[in-house]
Amino acid sequence: MNVAPSGKKSGRASLLDSGEDFSMLDDVEDDVDDDLPPLEDAGGGKKKDATKADAVADRTPSTELEEWLDVLGNGQLRKKVVEAGAGLDSRPQRGQNVTIHLKTTLTDGTVVEELPNVSFTLGDGDVLQVLDLTVQLMEMSEKALIEAGAKYAYGALGSSTPAVPPDADLILEVQLLSAEDAPDLELMLPSERISLANRKRERGNIHYQRTDYAFAINSYGIALQITEATSRVDISQQEEEELLDMKVKCLNNMAAAQLKLDHYEAALRSCVSVLAHQPDNVKALFRKGKVLALQGEYAEAIKTLKRALKLEPSNKTIHAELSKLVKKHSEQKGAEQAMYKKMLGNPTNASVQKHRAKSSWSLSWKWLFGATAIAIGGVALSVVIAARN
């Protein structure tokens, strides 16, 4: 299980809001009540000479009569306290770095893995959903048994490492060992920020490969915030360039995930952000061209893809996309011309009819003029004959 600590992200909102076309690489975030009421104490009244341990027990749930808690209300995620913790006030908060002891088994008892120290940032999507959703309900030192449906574990794809079959439900034994505030990003060494951002980006890639695109966007967004944080420690030119390179990678990957979700405007903004830093970034140009084409902006899309092809003339994917787009654009123009002809009528036929009408009028005038001349001539001849007589 790939997990990593995170930097402090005060005031950060969730961004839930390539095996891609050429080498690059569902989401419902369930609401969980963080303030569940304490269970009733199953014991009798407290003795007058109660020890400190008894006082602690009085403010923690009873373990003997603890029932299964349906965390989400759908029966797919259940939690049961096996050993009580230090009380409700000791529960970790989202954004804190937590460490747990984890043992994972299949429902038939097969042990999947056992990890003595798993560290991650609670709520960042660094681990399986089952852990993000249930560890925040645990008290310090608490041991709990958790039943998770496949939807909140490894899903329909399963996992090769650790070995988990597709659509497998899991049973997890978890103990919360520690929880502490994440370090301040502004005080972190640049090398630490780069490493942290890269771990978040890699987690996003895992989500992307599992087609969990919304979670991928969330991880890429967290990585971006890490790269963009101001620094109160000295940073070298090389480190600034490394942070910028990491930012560009995250934006490019985010655009790919946004495209998968048909978030065209968001994907376009991500591509534009990349190109603002690296105008000749081929992946950003390619994806920008695809977005423009999907929005019906064929001429601009063709222009963008031609620019990408000029940078990588041998890239077959760009060639194929450009050829397909040119054909679509040609068909679109043909359809538009046909529509205009239908709206305006056939100008050629109109010209012929106009010419014919003109010719007809010309013949009529000639005939009328000739007839009039003949008539006038006849009248004149009659007058002359009459005069002679």
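Residues numbered from 1 in each chain as written. Predicted model: local features only at pLDDT ≥ 70, side-chain atom pairs only at ≥ 80, totals over all residues. Heavy atoms only, no water.

For the chain, an unreviewed UniProt entry supplies the name peptidylprolyl isomerase and the organism Sinocyclocheilus anshuiensis.

(A) Spotlight on the overall build of the chain. Helix and strand counts for the chain stand at 10 helices and 6 strands. Counting across all 389 residues of the chain, residues that qualify as buried make up 39%. Split by element, the accessible area of the chain, about 22,300 Å² in all, is 53% carbon and sulfur. (Helix = DSSP H or I, 4+ residues; strand = E, 2+ residues; numbered from the N terminus. Buried < 20%, exposed > 50% of the residue type's maximum accessible area, 1.4 Å probe, protein only. Areas by Shrake-Rupley, 256 points an atom, 1.4 Å probe, with all protein chains shown as cover.)

(B) Seen up close, unusual backbone geometry. For the bond running from Thr161 to Pro162, omega is 0 degrees, close enough to zero to count as cis. Looking at the element boundaries, Pro162 is found in the loop between strand E5 (143-148) and strand E6 (170-180). Look at Asp167: it is not a glycine, yet its phi comes out positive at around 55 degrees. Position of Asp167 relative to the elements: it lies in the loop between E5 and E6. Residue class for Asp167 comes out exposed when judged on its relative accessible area of 54%.

(C) Focus on the sheet that holds E6. What the 6 strands build is an open sheet, ordered E1-E2-E5-E6-E3-E4; its pairing is antiparallel. Among the strands making up the open sheet, the edge pair consists of strand E1 (69-70) and strand E4 (111-121). Looking at chain direction, strand E3 (residues 97-106) and E6 are connected through 10 bridges and run antiparallel. What sits directly across from Lys103, in E6, is Glu173. (Pairing = 2+ DSSP bridges.)

(D) Just the nonpolar core, in detail. With 37 residues, the main nonpolar core has Tyr208, Ile226, Ala257, Ile318 and Leu325 as its most contacted residues. The set of elements that each furnish at least two residues to this core consists of helix H3 (190-209), helix H4 (213-228), helix H5 (237-260), helix H6 (264-277), helix H7 (282-294), helix H8 (298-311) and helix H9 (316-344). Per element, the largest residue contribution to this core is 8 residues, and it comes from H4. In contact with Ile226, not counting residues within four places along its chain, are Leu185, Arg193, Leu196, Ala197 and Lys200. Counting residues in hydrophobic clusters, the runner-up holds 32 residues, among them Leu72, Leu77, Val130 and Leu133. (Core = buried A, V, L, I, M, F, W, Y, C linked by side-chain atoms within 4.5 Å. Contact = heavy atoms within 4.5 Å.)

(E) Inspection of the pairing of E3 at higher detail. With respect to burial, E3 is a largely interior element, 8 of its 10 residues being buried. Judged from the 8 bridges that link them, E3 and E4 form a sheet pairing that is antiparallel. Each residue of the ladder has a partner; that of Thr105, found in E4, is Val111. Between E3 and the antiparallel strand that follows it, E4, lie 4 residues; Gly109 among them carries a positive phi value of about 95 degrees.

(F) Layout of the pairing of strand E2 (residues 77-83). Alignment of E1 against E2, held across 2 bridges, turns out to be antiparallel. Bridge pairing in E2 links Asp70 to Arg78. Here E1 hands over to E2 after 6 residues, with Gly73 in that stretch at a positive phi of 80 degrees.

(G) Expanded view of H4. In this model H4 runs 22 Å from its N-terminal to its C-terminal C-alpha over 16 residues, within 8% of the 22 Å that 1.5 Å per residue would give. With respect to burial, H4 is a largely interior element, 14 of its 16 residues being buried. (Expected span 1.5 Å × (residues − 1).)

(H) Summary view of the environment of Ala179. Along the polypeptide, Ala179 turns up in strand E6. What Ala179 contacts, discounting residues up to four positions off in sequence, is Pro92, Gln96, Asn97, Val98 and Met140.

(I) Examining the pattern of salt bridges more closely. Considering all chains together, one arrives at 11 salt bridges under this definition. Glu142 is the partner of Lys79 in a salt bridge, and the nearest nitrogen-oxygen pair spans 2.9 Å. Of this pair, Lys79 sits in strand E2 while Glu142 sits in the loop between helix H2 (129-134) and E5, and the two are 63 residues apart along the sequence. The same class applies to Lys79 and to Glu142, which are both buried. (Salt bridge = Lys/Arg side-chain N within 4 Å of Asp/Glu carboxyl O.)

(J) Main features of the environment of Lys143. Mapping Lys143 onto the fold places it in strand E5. Residue classification places Lys143 among the partly exposed positions, given a relative accessible area of 34%. In sequence terms Lys143 and Val81 are 62 residues apart; their C-alpha atoms lie 6.2 Å from each other. Residues in contact with Lys143, not counting those within four places in the same chain, are Lys80, Val81, Val82, Glu83, Met138, Val174 and Gln175.

(K) Local environment of the packing of H3 against H5. Running from amino to carboxyl end, H3 crosses H5 at an angle of 15 degrees, the nearest separation of the two axes being 10 Å. Between H3 and H5, the angle falls in the class roughly parallel. In this structure, the crossing between H3 and H5 has a hand that is left-handed. Residue-level contacts link Pro190, Ser191, Arg193, Ile194, Ala197, Asn198, Arg201, Asn205 and Tyr208 of H3 to Glu239, Glu242, Leu243, Met246, Lys249, Cys250, Asn253, Ala256, Ala257 and Lys260 of H5. Partitioning the contact of H3 with H5 into residue classes produces 9 nonpolar, 4 polar and 6 charged. (Axes fitted to C-alpha atoms, helices over the stretch in contact; angles between N-to-C directions. Parallel < 35°, antiparallel > 145°, perpendicular 65-115°, else oblique. Left-handed = near helix turned anticlockwise from the far one by under 90°. Nonpolar A, V, L, I, M, F, W, Y, C, P; charged D, E, K, R; others polar.)

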